[in-house]
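What follows is each chain in one-letter form.
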Amino acid sequence: MRAVVQRVGGASVSVAGEVVGAIEGPGLLVLLGVTHTDTAAIADRLAEKTWQLRILDGERSCADLGAPLLVVSQFTLYADTRKGRRPSWNAAAPGPVSEPLVAAYVDALRRRGAEVRTGRFGAHMEVSLVNDGPVTLILDVDA
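In short, a report on the structure. (Residues numbered from 1 in each chain as written. Predicted model: local features only at pLDDT ≥ 70, side-chain atom pairs only at ≥ 80, totals over all residues. Heavy atoms only, no water.)

1. A closer look at the overall build of the protein
Here's step 1: Each helix and strand in the protein was counted, giving 3 helices and 5 strands.
Here's step 2: Secondary structure elements in the protein, listed N-terminal to C-terminal, are β-β-α-α-β-α-β-β.
Here's step 3: A globule of 143 residues ought to have a C-alpha radius of gyration of about 15 Å, and the protein, at 15 Å, matches this closely.
Here's step 4: Here the C-alpha coordinates of the protein stretch approximately 40 × 35 × 25 Å along the principal axes. (Helix = DSSP H or I, 4+ residues; strand = E, 2+ residues; numbered from the N terminus. Rg over C-alpha atoms; globule rule 2.2 N^0.38 Å.)

As structure tokens, then:
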């Protein structure tokens, strides 16, 4: 499982012009990708790492501040661009595998007390954000 985590002053995600998820104030935007070997246990570990990640103001975490998270699924995080001009998506898990694992990640954050908003799985989404810093990290959690 792979996440691109951005510290934001606010973020939203829209589908067909309708805002389906938004957060205000300091928080995190998480773009989340799933690969074939991921499991619910990996989703739980990544949720814990994200929740406790000390990248907000004063080296505090979402857990410390009760800061919100916006989670958007993004299979393109597993693109392979080493050959040619067209990315390969072979490392990205298909929807029937990845959708429940994205939901498991979101559920794991909520069980920890997080306020989480989401995009719409499989939809064409437009993401807007105010990147604070900018601070952008890539988190990988393996089996």
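Moving on from the model shown.
2. Concerning helix α3 (residues 95–111)
Here's step 1: Given a rise of 1.5 Å per residue, 17 residues ought to cover 24 Å, and the 24 Å separating the end C-alpha atoms of α3 matches this to within 8%.
Here's step 2: Buried residues of α3: S98, L101, V102, Y105, V106, A108 and L109, and no others. Down the axis of α3, the smallest arc covering the buried residues is 155°, so these residues share one side. Looking at α3, the residues exposed on the side facing more than 90 degrees away from the buried face are P96 and R111.
Here's step 3: Taken together, the buried residues of α3 touch β2 (18–33), α1 (40–52), β3 (69–73) and β4 (116–118).
Here's step 4: The first or second residue beyond α3 is G113, which carries a positive phi of 100°. (Expected span 1.5 Å × (residues − 1). Buried < 20%, exposed > 50% of the residue type's maximum accessible area, 1.4 Å probe, protein only. Arc of directions from axis to C-beta. Contact = heavy atoms within 4.5 Å.)

3. Focus on the side chain of T35
Here's step 1: Mapped onto the elements, T35 comes out in the loop between β2 and α1.
Here's step 2: On the basis of relative accessible area, T35 is assigned to the buried category, the value being 15%.
Here's step 3: Excluding its chain neighbours within four sequence positions, the residues that come into contact with T35 are M1, Y78, A91 and A93.

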